[in-house]
Amino acid sequence: SMPGSGIQLTGKLGDVIKESAQIALAFLRAHAFELGLTDDKDKDLLEKRAIHLHMPEGSIGKEGPSAGIAIMTAFVSLFSKQGISSELGTPTKRSS
């Protein structure tokens, strides 16, 4: 996060992914205390802070609502100052 407030979205982003990012941030702001991201239930998570989310254009498409959970996970990591396990999202081996 950086000084300011709100979210800035740049890069190759379609409408769905922009909405997903805004919804993820709105959810975190509404539930920051319950998620342990702030110790003051009345304090705005983005008070004096802003987020700049940039997704560069590339060969992998980034359109679709499923990207919202990845964005949410990144935001939780950012505000909690905790890394995300590399095991998250890794398929488990199925026994036949």
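Below, the structure is looked at part by part.

Cut-off values and rules
Residues numbered from 1 in each chain as written. Predicted model: local features only at pLDDT ≥ 70, side-chain atom pairs only at ≥ 80, totals over all residues. Heavy atoms only, no water. Axes fitted to C-alpha atoms, helices over the stretch in contact; angles between N-to-C directions. Helix = DSSP H or I, 4+ residues; strand = E, 2+ residues; numbered from the N terminus. Parallel < 35°, antiparallel > 145°, perpendicular 65-115°, else oblique. Left-handed = near helix turned anticlockwise from the far one by under 90°. Contact = heavy atoms within 4.5 Å. Nonpolar A, V, L, I, M, F, W, Y, C, P; charged D, E, K, R; others polar. Pairing = 2+ DSSP bridges. Right-handed = clockwise from strand over helix to strand, strands pointing away. Salt bridge = Lys/Arg side-chain N within 4 Å of Asp/Glu carboxyl O. Buried < 20%, exposed > 50% of the residue type's maximum accessible area, 1.4 Å probe, protein only.

### Some words on the packing of helix α1 (residues 15–31) against helix α2 (residues 67–80)
Argument step 1. Relative to each other, α1 and α2 sit at 40 degrees, their axes nearing to 9 Å. Taken as axis vectors, α1 and α2 run oblique relative to one another. Here α1 and α2 pass one another in a crossing that is right-handed. The segment α1 lies against α2, with Ile17, Ser20, Ala21, Ala24, Leu25, Phe27 and Leu28 engaging Ala67, Gly68, Ile71, Met72, Phe75, Val76 and Phe79.
Argument step 2. When its residues are assigned to classes, the contact of α1 with α2 shows 12 nonpolar, two polar and no charged.

### Focus: the pairing of strand β2 (residues 50–55)
Argument step 1. Judged from the six bridges that link them, strand β1 (residues 6–11) and β2 form a sheet pairing that is parallel. By the bridge assignment, Gly6 is partnered in β2 with Ala50.
Argument step 2. Since β1 and β2 lie parallel, the crossover through α1 that links them has a hand, and here it is left-handed.

### As for the pattern of salt bridges
Argument step 1. In this structure the tally under the stated criterion is one salt bridge.
Argument step 2. The partner of Arg29 in a salt bridge is Asp44, with the nearest N and O atoms 2.5 Å apart. Of this pair, Arg29 sits in helix α1 while Asp44 is found in the loop between α1 and β2, placing the two residues 15 residues apart along the sequence.
Argument step 3. With relative accessibility at 37%, the residue Arg29 sits in the partly exposed group.

### Quick notes on the environment of Ala50
Argument step 1. Following the sequence through the fold, Ala50 ends up in strand β2.
Argument step 2. For Ala50, a relative accessible area of 7% gives the class buried.
Argument step 3. Here the alpha-carbon distance between Ala50 and Gln8, two residues 42 residues apart in the chain, equals 7.7 Å.

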